Amino acid sequence: MYELSRNEELILLSIWRLKDDAYGVAIRRNVMEYTKRELHYGSLYNTLEILNRKGYVRLEKGEPGETRGARRKIFYHLTEEGRKALKYVQELQRSAWADIPEQAFKKRVIK
Amino acid sequence: MKKPPIIAGWLINRLSVYRNKYLMSDDLDEEYRDTYSREGKLKADLWYWRQCLHALKFYIDLIIPRSTMMFKNYLKIALRIIKRKKGYSFINIAGLSVGMACFILIMLYVRYELSYDDFHENKDRIFRVITHQPGNFYLDSDYFCVTWAPLADVLMNEYPEVDYAAKTTFWTSYSLLIKDGKKSYKNGLYADENFINVLSFNWLYGLRETALAEPNSIVIDRETAEYYFGENNPIGESINIDGGSEYEVTGVFDNVPENSHLKFNFLLPFFTQFSESDREEKMASWGNNSYWTYILLKEGTIPEEFEKKIQSIPDRYLNQQANQNLILILQPLRDIHFQSGYNFDTTEIVDKKFIYLFSSIAILVLMIAYINYINLSIAGASGRAKEIGIRKVAGARQGQLFRQFNSEFILFSMISVVIGMTAVYIALPYFSSFVEKEIGFDFIDRWKFFLGICGFSLLSGILCGSYPALFLAAFKPVNIIKGAFTHQLKRKKLRGIFVVTQFCISIILIVCGITVYKQLDFIKNRDIGYNREQVMTFRVRDDGITKNIKVFKEELLQYPKIIDLTVSQNLPTSIINGGIARFKDDNGEDRFIYAHEGVVDYNFLDVYEIELIEGRNFNEKSGTDANRTILVNEAFVKEVKPDNIIGKIVTSYRRDEEVIGIIKDFNYQSMHLGIRPLILKLQPYSVFRVSIRIGSDNIPETINYIKRTYDKYSTNHPFDYSFVDDSFNRLYKFEQKLGAIFACFSFLAIFIAGLGLFGLSKSVTETRIKEIGIRKTLGATMRSIIQLLSKEFTGFLLISNIIAFPAAYLGMNRWLDNFAYRIDLGVWIFIASAAISLMIALITVSYQVIKTALANPVESLRYE
């Protein structure tokens, strides 16, 4: 019901982590910290659009910034639905992986 | 201030959603500056570009929702649009169909030419051996396609890299085949037994290996076999050639395909071209090169290395005089059709540049058609604005609108493809005969080709159609209702570039067309030094005529409408043979001069009205002229520069002949070449051609009389005549076709450019309707309004002309250099083309302009 694609999940998590400071550049950097590969802006915005349409994320124009010229930054906030989605995914993750030991996918060393 | 790359930035700004909703440029700029300070400008720029290109990709993904459900709806809407906006749809479809048809037609032709000789099994290993003799120029080239008779055997026997080597004569003999009363002329080639091993022709009957081994064997093609023998197996039957010997049919092969550089109906064994007494000597002679040599290399042989190896052959076999830096070259089979400028080559050479030119024209025409579509759609956008606004308000998302407009375009494309294909199908027979090649529209065989063509055009179309689709889909309903969208439509620069390009191309084509036409006209009307009109001519091969030539001539001359008659070896339209003549000048020294030679009789000068400047013509009554006297032309005299040439002796082909007169220079070759020294020899009974000057009235009757007289004396060969001015025209056939092609494409280009301009003018005038309304109410005259509106277009036109003229001038100059006699590229040509383009532009623009100028200001200002 609340299932999220990997990208959606990572981006939502970043938005949650960044609290009030979740805008384009920051989210991208944050996600890339975890994935270690490039998250293109196009991909980011597409996912944000989908999250927006699903109602998990809310767009807000922030105060006029100093460095960015007189234009306002756009900040993204988690909505209530978004929170529920994250919780669902967290639970799903936990239960689906509960019975799998940590050593499961490591290489076996034969003594 | 660190600025990111401008072009990439512009690209992102086209992506409206990213730009407006997510302020992508801001995010990007911030990171760009960070990257710049951390890693320097280059890395930052690269990063920026990568982000932009990926953004493009993702944007498309965003805009195109993945559902396919809506397609039926889109199609319905697209059909309704066509019905509603008939003018717009018609223009678009017309333009696209024309573009498509041109593209397909040209690609068919190009494909055909490129497929020459591709039916041979081992085509990549087959080469023709040709020679390069630096310095030894003949007809403007020092490359020769002909080699010596023993070469093939030497190659095959001495070099293990050669699987097979074959030789043929370089000329096909146009002979009369007779069997049981059936007669027809066929083309034949003398070829040795390995011919069939090197080149692949489908064998139908008989044993390939031995077919050309025995003398008096003949191998015929299917068409000939069916004509003479019907459905029966003709092996073992006999055929008579030219009323001479009988030949036994030892093999039948399938008709030589059209796309072969060698074209023949039958083959005779190579050695039979020599009489039995000469045979051995001629076959081993290294003194005569009149043959084409083909080789099939063993697999794995590297041609360049092998070519180096065989350079020792001339040293070993040729005598000193012949072997002056003679270089052997291996010419790949597939190149033969495209490499021009070699002596003694086949006649159907098509320069690859021509093919490239043609293909570029094809793609150009298609692109112009698409550009027109883009222009027209954007121009018509103001009309669609309301529709878009309402759709958006009703909930249509941008992606859906994108798909809707795209499907409109796809529908247009499909209709145009169908119309285009039909047009090609209808036009193909005419086109084929025009280029004189058999170009088939075989769907079944070439379905891959057609699929490729359709795929390419549709794909590129969709790509192009996306721009207007994106543009229209991005309209904001708010702006539409406010009426503030008009400023977007005023983006003139890009569209201006399109229009200028289209007109540039049109003007270049017009200039080329006019130039070619004028050059041809010049050639036709130029005084060539002889009178080629009203002279009919025919070849004489028949013994009956040759033996009775005197009586034949007398009977013909009796007819009142026959003015004069001459028997000669050549027509004045082409005297190709020539050789080195030796001449003793005033100091008693020997001079050598290369001169062309024609063989004529007493009446030649009279029949062709060639002027005699000094001395006297050949005179029958003197009785001593035959085989002893010659006439020379002015060029000859100029080159030798004696004080008085009349009376001097010129020696050629071991014969001494006295010069008795000087004739005025006449163009005895095509006007691509200048006039070189010429000798006319007198051999009154060397009967090869008869040329008859006839009176201009009732020509059919005269011809009939000639035919009856001919039939009276001929034994075998049917009467087959032509007119000399036709032969003359055939020399310039290529140029005539070129002219026609330019005329055709100019027309097309103008048509499409006119469409483009029409669309542009429509959009410009529509956006200025209010302004015009206000001006009218303030009292502006019709004239001033028309001037105002036309001002923009005259600017474009001027730029097009300025760009086009130098390009056209350079191009045409180079082409005209091909001719020794050429016109000057006068200013007049450029003025004419500028005038034509101006006229076209005026016609297309004035419709819109006048409509707008006449519009009732009440209407346009009503909703203010």
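None of the values given here were measured: they were computed from a predicted structure. (Residues numbered from 1 in each chain as written. Chains lettered and ligands numbered in written order. Predicted model: local features only at pLDDT ≥ 70, side-chain atom pairs only at ≥ 80, totals over all residues. Heavy atoms only, no water.)

### Examining the sheet that holds strand 15 (residues 562-568) of chain B
Residue and element names in this part refer to chain B. With respect to topology, four strands assemble into an open sheet ordered 15-23-14-24, the strand pairing being antiparallel. Two strands in the sheet have a free side with no partner beyond their single neighbour: strand 15 and strand 24 (721-723). Pairs of neighbouring strands in the sheet enclose a mean axial angle of 25°, with direction left out of account. Taken together, the five bridges between strand 14 (residues 535-539) and strand 23 (residues 689-694) define a ladder with antiparallel strand orientation. When the bridges of strand 23 are listed, Thr-537 appears paired with Ser-691. (Pairing = 2+ DSSP bridges. Helix = DSSP H or I, 4+ residues; strand = E, 2+ residues; numbered from the N terminus. Axes fitted to C-alpha atoms, helices over the stretch in contact; angles between N-to-C directions.)

### Considerations on helix 7 (residues 151-158) of chain B
The set of residues buried in helix 7 of chain B consists of Leu-151, Ala-152, Val-154 and Leu-155 of chain B. Looking down the long axis of helix 7 of chain B, one finds its buried residues gathered within 165° of arc, a one-sided arrangement. (Buried < 20%, exposed > 50% of the residue type's maximum accessible area, 1.4 Å probe, protein only. Arc of directions from axis to C-beta.)

### A short note on the confidence of the model for chain A
Per-residue confidence for chain A gives a mean pLDDT of 85; residues scoring 70 or more make up 88%. Highest mean pLDDT in chain A belongs to helix 1 (residues 6-18) of chain A (92); lowest belongs to strand 1 (residues 57-64) of chain A (80). (pLDDT = per-residue confidence, 0-100.)

### Side note on the packing of aromatic side chains
A complete count under the given rule lists 46 aromatic pairs over all chains for this structure. Ring centres of Tyr-76 of chain A and Tyr-22 of chain B lie 6.4 Å apart, and the angle between their planes is 25°; this geometry places the pair in the stacked category. Here Tyr-76 of chain A is found in strand 2 (residues 72-78), whereas its partner Tyr-22 of chain B is found in the loop between helix 2 (16-20) and helix 3 (24-39) on a different chain. Of the two residues examined, Tyr-76 of chain A and Tyr-22 of chain B, each falls in the buried class. Ring geometry for Phe-201 of chain B versus Phe-264 of chain B: centroids 5.2 Å apart, planes at 75°, classification edge-to-face. Separated by 63 residues along the polypeptide, Phe-201 of chain B in the loop between helix 8 (195-198) and strand 7 (203-205) and Phe-264 of chain B in the loop between strand 10 (246-253) and strand 11 (266-269) bring together distant segments of the chain. Here the two residues Phe-201 of chain B and Phe-264 of chain B agree in accessibility, since each one is buried. (Phe/Tyr/Trp six-rings, centres within 6.5 Å; stacked < 30°, edge-to-face > 60°.)

### Remarks on a positive patch on the surface
Residue and element names in this part refer to chain B. A cluster of basic side chains, namely Lys-72, Lys-76, Arg-80, Lys-83 and Lys-86, defines a positive patch on the protein surface. Residue contributions to the positive patch peak at four residues, all from helix 5 (residues 71-84). By secondary structure assignment, the location of Lys-86 is in helix 6 (residues 86-114). (Patch = residues over 30% accessible without salt bridge, like charges linked within 9 Å, V, L, I, M, F, W, Y side chains within 5 Å. Areas by Shrake-Rupley, 256 points an atom, 1.4 Å probe, with all protein chains shown as cover. Salt bridge = Lys/Arg side-chain N within 4 Å of Asp/Glu carboxyl O. Lys, Arg positive; Asp, Glu negative; His and termini not counted. Charge placed at Lys NZ, Arg CZ, Asp CG, Glu CD.)

### Structural notes on the interface of chain A and chain B
Listed as interface residues are 24 residues of chain A and, on the opposing side, 22 residues of chain B. In total, chain A and chain B occlude about 2200 Å² of area from one another, counting both sides; carbon and sulfur atoms represent 46% of this. Linking chain A with chain B are three salt bridges. One salt bridge in this structure joins Glu-38 of chain A and Arg-50 of chain B, with 3.9 Å as the shortest N-O distance. Elements with a contribution of two residues or more to the side of chain A that touches chain B: helix 2 (24-35), helix 3 (41-54) and strand 2 of chain A. (Contact = heavy atoms within 4.5 Å. Buried area = accessible area lost by both parts, 1.4 Å probe.)

### Section: the environment of Phe-666 of chain B
Residues and elements named next belong to chain B. With respect to the helices, strands and loops of the structure, Phe-666 is situated in the loop between strand 21 (655-663) and strand 22 (678-682). Given the relative accessible area of 1%, Phe-666 is considered buried. In this structure, the C-alpha to C-alpha distance between Phe-666 and Ile-610, residues 56 residues apart in sequence, is 7.7 Å. Excluding anything up to four places from it in sequence, Phe-666 contacts Ile-528, Gly-529, Tyr-530, Pro-572, Ile-575, Ile-610, Ile-675 and Leu-678.

### What about the pattern of salt bridges?
The tally for this structure, following the rule as stated, stands at 32 salt bridges over all chains. Of the charged contacts in the structure, one is a salt bridge between Glu-39 of chain B and Arg-38 of chain B, with a shortest N-O distance of 3.8 Å. One network of salt bridges, in which partners are shared, links Arg-28 and Glu-38 of chain A together with Glu-31 and Arg-50 of chain B.

### Digging into the state of the cysteines
All names here are of chain B. Overall, the coordinates contain zero disulfides over all chains when judged by the stated rule. Residue Cys-102 stays outside any disulfide, its sulfur separated by 6.8 Å from that of Cys-744, the closest cysteine. Cys-102 sits in the buried class, given a relative accessible area of 10%. (Disulfide = S-S within 2.5 Å.)

### Focus on the pairing of strand 20 (residues 649-652) of chain B
Residues and elements named next belong to chain B. Pairing of strand 16 (residues 578-584) with strand 20, which is carried by two bridges, proceeds in the antiparallel orientation. Among the inter-strand pairings, Arg-582 is bridged to a residue of strand 20, identified as Thr-651. Pairing between strand 20 and strand 21: four bridges, direction antiparallel. Bridge pairing in strand 21 places Val-650 opposite Glu-657. Between strand 20 and strand 21, which pair antiparallel in sequence order, lie two residues; one of them, Tyr-653, sits at a positive phi of approximately 50°.

### Considering empty space enclosed by the protein
Residues and elements named next belong to chain B. For the structure shown, the criterion picks out five cavities of 30 Å³ or more. Estimates place the volume of the largest cavity at around 60 Å³. If you go around the largest cavity, the residues you meet are Tyr-88, Tyr-373, Ser-377, Arg-384, Phe-405, Glu-408, Phe-409, Gly-465, Pro-468, Ala-469 and Leu-472. For the lining of the largest cavity, the secondary structure elements donating two or more residues are helix 13 (352-379), helix 15 (398-435) and helix 16 (447-473). (1 Å grid on protein atoms, 1.4 Å probe; cavity = no way out; pocket = protein on both sides within 12 Å on 5 of 7 lines; lining within 4 Å. Points joined across faces, edges and corners; volume = space filled by probe spheres on them.)

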